[in-house]
Structure formats: C-alpha cells, structure tokens
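Results of the structural survey
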Amino acid sequence: MCEGSGKTDGRSSAPGHDCRVPKDPAPAFDNGVAVLGLGYVGLPTAIGFAEAGVPTIGVDICPERLSAISRGAVDMAPYDRKRLAVALDDGTLQLSAEAEQLTSADAVVICVPTPITATRAPDWAPLQTVCSTVVAKAREGQTLVLTSTTAVGATRYLLVEPLVRRGFSVGRDIWCVFSPERINPGSCEDRQLVPRVVGGHSRMCGERGRALVSMLTDDVHVVSSLEAAELTKLLENTFRAVNIALVNEFADAARGWDIDIREVTLAAGTKPYGFMPFRPGPGAGGHCIPCDPHWFLDGLDEPATDAPVTHAAMRSLAQRPLQVVTRAAELLGDPHRAGSSIAIVGVAYKPGVADVRESPAIEIMRALMDAGAVVSYVDDWVPSLDIDGRRLFSDPRLLASADLVIVHTLHPDFDLARLAGCRSVLDATFELTDVPCAVTL
Ligand SMILES: NC(=O)c1ccc[n+]([C@@H]2O[C@H](COP(=O)([O-])OP(=O)(O)OC[C@H]3O[C@@H](n4cnc5c(N)ncnc54)[C@H](O)[C@@H]3O)[C@@H](O)[C@H]2O)c1
C-alpha cells in the first residue's frame, strides 16, 4: 500500500516502497525532542540533542534517577558529566517525570530498558508501557523513534498499528522509525563518529529518522524497513554472543592442551581478513549480550531448531559463571569450598562502568556463598552490592587474607600491585600476563 493511497492500515502497507511520496520540507524539530528513559542510552542521547541546539526534554519515571542526573551523580565519563552540566545549566536539556510534555515535542525518542526475565524470556513490560503512553500522547507532525533493542516487528506492533487504530496515517501525518543504539558505555569513543542505522515504516519515515539521527552522528545508514533495522541490532549483538561463547570454548580446549589462548587469539588476529579477535572470560554481562539474542530467539517458532547456533551460544554463556565456580573449587582443592574465603576483583560486567546488570560476578558470588564460602569483593566503581538480599561492601583489605582471589573485571584504574601477596589468583579475564601467582580460567 502506498502512503498516498489514503488507506491507514499500517499492517498491510509495504514499508520502504512509497509510490507517491508527498513533498516533505526538510523536517525541523523546533518544538524540541523528548527522550523517554534517561539510562545509559537515553541520557547521552538527550545530551547529544541538546548539544545540537534542539530544546530537549528528558523524561524518566524514576525520581531517584532524575535527582541523580540533576546532581551529575551518574555513571558517565567525566567528560560526559561536564557536557551534562552544560546542557542542564544553559537550559537546553530539561528533566521531567511527566509524560505530559510529549505532545509538544516534534520528535519522541524511546530509550527504555528491554531486559529478560529470570527464565530468559523477553520482558516486554517497560516497552509496552512507554509505547502506549507515546501513542496516547501522539499528535500530527511528530517523528517517533524507538531505539531500545527489541524483537522483529515490535515497532510496528507497539507504535504503527496502535497509531493507525487512533486514526493516524503513518508516513503521511506522523512518522515511525526504529534506530538501534550502539553506545559502548565506558568507552571514550566520539559518538558522532559511530554510524547509526535507521529504518522507517516508509521511505519518508526513514528520511525523517535520518534527519533526526543526523544530529547525533555524521553517518546514518538507512535500511528499507523497521524490521530490517530491528534485525540489524539483533544480528550485531548475537554475533558477539556467539563469538564470545566460541572463544570460551577454545580457551577451555587450549587449557587442556596447555596452550595459552591469549597467544592463539593474538596470532589469529594477525589475519587481515575474515577473523575478528574476541577475548574469553567469565561470561557475558550487561544489558545487551546476555539479553538481546533472547529477543531474537523469542520471535522464532522453534528457537532451539530454527536457530541452533544462537541457542547453543546462549546456553553456553549462561553456564559460564558456574564453570568459574568449578575451577575455583579445583584450585582450592576443596570441592565444597565451605569456609573458604574468596575475594572477587571487579564485579561490574565490564571495565570502566559501575553497571552490574547481568554481571557474571553476581552468579559466581551467589553460587560460592550458597556453597558455604565466605565471599568478599573489591570494586572501586561499585561500593556496595546486593545479592539476594545480602548486602556486601567493596573491601580491599580482604584481598591479602583470601584463600583465593578471582579476578572478574579489571577496571582501567585498578593497580595490579594490589594482587601482590595474594595466596592464589584465578584470572577469569585472561589479561593478567604479569602476575606470577595467577592461573587462567
Ligand atoms: N546499555 C547499553 O550499553 C546499551 C547499548 C546499546 C543498546 N542498549 C539498549 O538501549 C535500551 C536502554 O538501555 P539502557 O542501558 O539505557 O537502560 P537503563 O536501564 O540504563 O535505562 C532505562 C531508563 O528508562 C527509564 N524508564 C523505564 N520505563 C520508563 C517509562 N515508561 N518512561 C520513562 N522512563 C522509563 C528507567 O527509569 C531508566 O532510567 C535497551 O533496549 C538496551 O538493550 C543499551
């Protein structure tokens, strides 16, 4: 169906193939951009729009988060905290807990979480809630952009179809876009240089998306549909999950043959084409790698048989933390570990962030505690940690006395001298080349 046909059934339209595209003046976003969800993704996104000179309203349902942002007490690089302070001080970025503000904005950008449940099924609740609010507040002329990683078809199902039911003609009087986020928290890369993918419900939706996202990056790649953009993001992160599982498998095999996997990945990395080095580790954490492939699998009729590679990789990654626990038991020479003192170095899911979501460290610590070990941790980025209601505090003093130290995450400012004098060190990062007492996972 063409946008110009006057029909409004978004489901039956053919995205990316407008046969009569109405003339569209270069879209302006003078009435501002509303960013919904001010987490690891949404906050830098809002700062980016504000820096581009667009009045930006950042909306978050969590009052504590809003308060932390207004104080600058957020998990961001110091440079980004300065940018935040400037945007708040000059008033280009305003904060709100009220979705009322949405209607006045020319563009609404959705950045809410898309986690998985305890049974590793997609948790649709935050996305469904926010999309129904956006649809309820939508007005003609808005560009609605979903950036949260999600299942194929979600933008159509949660935005396009409900808008059509409200009487909008999507692609004529309102525009729907999916543009996945590629932020790499903890890294200093210039986001302006990281290309972004955009997919629209129609070609004109894609062009609206391009105009908006161009404020955040110099390089926008427009694909033909919402679904192509959704699947692009799922491919990017499933690719990473599969390769991490693969290199873990090779690391286990290498240890059996007494080969250093670091030497092997370094050597393989000299191949100038067709190989990309991945580092083995204690598992995969954060809001992306352990979650996103499940949004892909969930959309398939038979996940295990339709996508056996992804399925096997995710199962392998899920089991990885318990492999660390088994290896710790081997090193302690006590299969039950009862009473052993074990200190974890670094509980964040990766270096340079305070984020512990889905961190393998949590599962490792839980399993060790359940087995009777006395568990402590050191992480200058994570002062305290809650594991099933048990509150732990980062305590560097316990390193020296621990029966075993498990190095889980090495933050950039961690001084390796702190490991000197430790009795036994299990290196789950495969990075401790210069610590004589360390053995790899
Ligand atoms: N964190 C990353 O590295 C990263 C990278 C690329 C993509 N993503 C994707 O981006 C999305 C957001 O991830 P994140 O890490 O920023 O999540 P987050 O948990 O850090 O932030 C989400 C924010 O949304 C707020 N929120 C939830 N429901 C809301 C609602 N109805 N209205 C307004 N605010 C609401 C929460 O309070 C929270 O502050 C996810 O889909 C994730 O997969 C994340």
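This report concerns the structure included in the present document. (Residues numbered from 1 in each chain as written. Predicted model: local features only at pLDDT ≥ 70, side-chain atom pairs only at ≥ 80, totals over all residues. Heavy atoms only, no water.)

1. Looking at the environment of R191
Condition: Only DSSP runs of H or I covering at least 4 residues are called helices, and only runs of E covering at least 2 are called strands; the numbering of each starts at the N terminus. For every residue, the accessible area obtained with a 1.4 Å probe (protein chains only) is divided by the maximum for its type, and the residue is called buried under 20%, exposed over 50%, and partly exposed between those limits. Between two residues, a contact is recorded if the distance between any of their heavy atoms is within 4.5 Å.
Positionally, R191 belongs in the loop between β6 (175-178) and β7 (196-200). You can call R191 partly exposed: its relative accessible area is 24%. Linking R191 and I69, residues 122 residues apart in sequence, is a C-alpha distance of 20 Å. Residues contacting R191, with those up to four places away along its chain left out, are P44, T45, E181, I183, R196, L216 and T217.

2. Concerning unusual backbone geometry
In the Ramachandran plot, E358 falls in the positive-phi region, its phi being about 60° despite a non-glycine side chain. Along the chain, E358 falls in the loop between β9 (341-345) and α12 (360-370). Judged by its relative accessible area of 37%, E358 is partly exposed. Positive phi values are uncommon outside glycine, yet D388 reaches one of about 50°.

3. Digging into the sheet that holds β6
Cut-off, in case you're wondering: Should DSSP find at least two bridges between two strands, the strands are regarded as paired. Here the axes come from fitting lines to C-alpha atoms, over the contacting stretch only for helices, and the angles between their N-to-C directions go from 0 to 180 degrees.
Read from one edge of the open sheet, eight strands run β3-β2-β1-β4-β5-β6-β7-β8, paired in mixed fashion. Edge positions in the sheet fall to β3 (93-96) and β8 (220-223), since each has one partner strand and no second. In this sheet, neighbouring strand axes are inclined to one another by 25° on average, regardless of whether the strands run parallel or antiparallel. Pairing analysis gives two bridges linking β6 to β7, with the strands arranged antiparallel. Directly across from F178, in β7, lies its bridge partner G199. The strands touched by helix α5 (residues 154-165) within the sheet are β4 (107-110), β5 (143-146) and β6, with β6 carrying the most contacts at an inclination of about 180°. Along the sheet face, helix α7 (residues 226-256) touches β6, β7 and β8 and points at about 150° away from the line of β7.

4. Some details on the site of the ligand
Convention followed: Definition of nearness: a residue and a molecule or strand are near each other if at least one heavy atom of the residue lies within 4 Å of the molecule or strand. Counting of polar contacts relies on pairs of N or O atoms within 3.5 Å, with two restrictions inside protein: one atom must be capable of donating a hydrogen and the other of accepting it, and residues adjacent in sequence are counted only when both atoms are side-chain atoms. Computed with the Shrake-Rupley method and a 1.4 Å probe, the accessible areas treat only the protein chains shown as cover for residues. When residues are sorted by character, Ala, Val, Leu, Ile, Met, Phe, Trp, Tyr, Cys and Pro go into the nonpolar class, Asp, Glu, Lys and Arg into the charged class, and all the rest, Gly among them, into the polar class. Note: domain ranges come from an automatic or database domain assignment.
Contacts to the ligand come from 25 residues, most closely from V41, D60, T114, T149 and R357. Taking Y40, its main chain carries an N or O atom lying 3.1 Å from an oxygen atom of the ligand. One of the side-chain nitrogen or oxygen atoms of T114 is found 2.6 Å away from an oxygen atom of the ligand. The protein chains hide 90% of the 820 Å² of surface that the ligand would expose on its own. Within the shell around the ligand, the residues separate by chemical class into 13 nonpolar, six polar and six charged. Of the domains in this structure, domain 1 (3-233) and domain 2 (281-440) are the two that each give at least three residues to the shell around the ligand.

5. Looking at a nonpolar patch on the surface
Threshold: In this scheme, patches are assembled from residues that exceed 30% relative accessible area and form no salt bridge. Like charges are connected within 9 Å, while nonpolar side chains (Val, Leu, Ile, Met, Phe, Trp, Tyr) are connected within 5 Å. Salt bridges are defined as contacts in which a side-chain nitrogen from Lys or Arg sits within 4 Å of a carboxyl oxygen from Asp or Glu.
Together, L235, F239 and M276 line one region of the surface with nonpolar side chains, adding up to about 310 Å² of accessible area. With respect to the element layout, F239 can be found in helix α7.

6. With respect to helix α11 (residues 308-332)
Convention followed: Expected span of a helix: the number of residues minus one, times 1.5 Å. Throughout, bend refers to the angle between the axes fitted to the seven residues that end at a position and the seven residues that start at it.
When the terminal C-alpha atoms of α11 are compared, their 36 Å separation across 25 residues agrees well with the 36 Å that a helix rising 1.5 Å per residue should span. At R320, α11 is deflected by roughly 35°, the largest bend along its length, and proline P321 occurs up to four residues later in sequence. Backbone geometry just after α11 places G333 at a positive phi near 70°.

Functional significance is not addressed by these values, which are geometric in nature.
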